[in-house]
Amino acid sequence: MSRLDSFIRRMCAQRLLIEAAAARLGDVAGPILDLGLGSGRTYDHLCALFPDRDVFAFDQFVQGAFGGLPDTHHMILGEIRDTLPVCLPRIGAPAALVHNDLGSADPVANAAIGHWLAPAIEAVSRPDAIVLTSFPLPFERQIALPLPEGIRPGRYHIIQLTV
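Just so we're clear, the structure is a prediction, and the values are computed from it rather than from any experiment. (Residues numbered from 1 in each chain as written. Predicted model: local features only at pLDDT ≥ 70, side-chain atom pairs only at ≥ 80, totals over all residues. Heavy atoms only, no water.)

Enquirer: Any chance you could explain the overall build of the protein here in plain terms?
Expert: Helix and strand counts for the protein come out as five helices and seven strands. When the helices and strands of the protein are read in sequence order from the N terminus, they spell out α-β-α-β-β-α-α-β-α-β-β-β. Here the C-alpha atoms of the protein give a radius of gyration of 15 Å, agreeing with the 15 Å that 2.2 N^0.38 yields for 163 residues. The buried share among the 163 residues of the protein stands at 44%. When contacts within the protein are restricted to residue pairs at least 6 apart in sequence, long-range pairs at least 24 apart make up 61% of them. Roughly 8400 Å² of accessible area belongs to the protein as shown, and the carbon and sulfur atoms make up 56% of that amount. When the 13 positive and 17 negative side-chain charges of the protein are each reduced to one mean point, those points stand 6 Å apart. (Helix = DSSP H or I, 4+ residues; strand = E, 2+ residues; numbered from the N terminus. Rg over C-alpha atoms; globule rule 2.2 N^0.38 Å. Buried < 20%, exposed > 50% of the residue type's maximum accessible area, 1.4 Å probe, protein only. Contact = heavy atoms within 4.5 Å. Areas by Shrake-Rupley, 256 points an atom, 1.4 Å probe, with all protein chains shown as cover. Lys, Arg positive; Asp, Glu negative; His and termini not counted. Charge placed at Lys NZ, Arg CZ, Asp CG, Glu CD.)

Enquirer: Help me out: how do you make sense of the nonpolar core in this one?
Expert: The biggest cluster of nonpolar side chains holds 25 residues, and the ones touching the most others in it are Leu33, Phe58, Leu84, Leu117 and Ile121. Examining the composition of this core, we find that six residues originate from one element, helix α5 (residues 107-123), more than from any other. Leaving out residues up to four positions away in the same chain, Phe58 has contacts with Leu33, Asp34, Leu35, Gly36, Leu37, Met75, Ile76, Ile80, Thr83, Leu84 and Cys87. Ranked by size, the runner-up nonpolar core spans 21 residues in total, among them Leu17, Ile18, Leu37 and Leu46. (Core = buried A, V, L, I, M, F, W, Y, C linked by side-chain atoms within 4.5 Å.)

Enquirer: Sorry if this is basic, but what is going on with the layout of surface pockets here?
Expert: Empty space among the atoms can be located by rolling a probe the size of a water molecule over them. Estimated volume of the largest pocket: approximately 470 Å³. Lining of the largest pocket is provided by 18 residues; of these, Ser6, Arg10, Ser104, Ala105 and Arg155 occupy positions nearest its centre. The dominant element in the lining of the largest pocket, judged by the number of residues it contributes, is helix α1 (residues 3-25), at four residues. Of the residues in the lining of the largest pocket, the class split is five nonpolar, seven polar and six charged. (1 Å grid on protein atoms, 1.4 Å probe; cavity = no way out; pocket = protein on both sides within 12 Å on 5 of 7 lines; lining within 4 Å. Points joined across faces, edges and corners; volume = space filled by probe spheres on them. Nonpolar A, V, L, I, M, F, W, Y, C, P; charged D, E, K, R; others polar.)

Enquirer: Is there a simple way to think about the side chain of Arg53 in this case?
Expert: Residue placement: Arg53 occurs in the loop between α2 (41-49) and β2 (55-59). Buried and unpaired, Arg53 has Asp27 as its nearest opposite-charge partner, separated by 6.2 Å. Here Val28 takes part through its backbone oxygen, which lies 2.6 Å from a polar atom of the side chain of Arg53. In terms of polar contacts, Arg53 uses its side chain to reach the backbone carbonyl oxygen of Gly30, at 2.7 Å. Excluding residues within four positions of it along the chain, Arg53 makes contact with Leu25, Gly26, Asp27, Val28, Ala29, Gly30, Ile32 and Ala96. (Salt bridge = Lys/Arg side-chain N within 4 Å of Asp/Glu carboxyl O. Polar contact = N/O pair within 3.5 Å; in protein donor to acceptor, adjacent residues only side chain to side chain.)

Enquirer: Any chance you could explain a nonpolar patch on the surface here in plain terms?
Expert: On the surface, a cluster of nonpolar side chains totalling about 270 Å² of accessible area is made up of Leu4, Phe7 and Ile8. Its location among the elements puts Phe7 in helix α1. Using a relative accessible area of 33% as the deciding quantity, one classes Phe7 as partly exposed. (Patch = residues over 30% accessible without salt bridge, like charges linked within 9 Å, V, L, I, M, F, W, Y side chains within 5 Å.)

Enquirer: Sorry if this is basic, but what is going on with the environment of Ile32 here?
Expert: Position of Ile32 relative to the elements: it lies in strand β1 (residues 32-35). Along the sequence, Ile32 and Tyr43 sit 11 residues apart, while their C-alpha atoms lie 9.6 Å from each other. Sequence-distant contacts of Ile32, defined by excluding residues within four places in its chain, comprise Leu46, Phe50, Arg53, Asp54, Val55, Phe56 and Leu97.

Enquirer: Help me out: how do you make sense of α2 in this one?
Expert: Within an α-helix, residues lying three or four positions from one another point in the same direction, as the helix has 3.6 residues per turn. Taken residue by residue, α2 has Thr42, Tyr43 and Leu46 as its buried positions. Axial view of α2: buried residues confined to an arc of 100°, hence all on one face. Relative to its buried face, α2 has exposed residues pointing more than 90 degrees away, namely Arg41 and Ala48. The secondary structure elements touched by the buried residues of α2 are α1, β1, β2 and β4 (95-100). (Arc of directions from axis to C-beta.)

This is how it looks when you write it as structure tokens:
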């Protein structure tokens with residue numbers, strides 16, 4: 001498979017999972033966190049799907065196109081390993097949905113990220129939050145939710161945290 005085909009499949013899976021999460025969340029209160037702003041495409045899509053919620057983006061720097069970027073309150077700049085664990089006062093309430101796109105094609109690097117990322121997500125999320133992630137995360141308490149039709153297992157993951 002070409003890298004372009006792989007990217008297209010990943011983006012399609014990401015969109016399907018975000019839309020599935022939107023249907024599951026309903027009126028569950030809480031902000032939305034997008035870990036890894038990148039070009040801002042996913043952030044923009046989250047804002048469009050959740051117009052009445054605060055959506056916060058995390059990244060080391062801003063590189064996206066103007067018009068789809070967070071304002072200064074909703075953009076949390078810095079090393080996510082440092083900013084995520086202390087973000088609760090800024091985001092105002094535990095997160096209802098977390099989208100993680102920090103990983104790479106390297107499973108060893110992803111495991112290293114997951115070691116600190118999973119506990120940080122749990123610490124700032126509701127007990128029943130939904131987490132969408134591009135690689136498996138070792139949560140203490142989780143239920144793997146079924147993938148929407150059209151997503152190959154392992155491409156993306158949808159998890160609900162549990163009490």
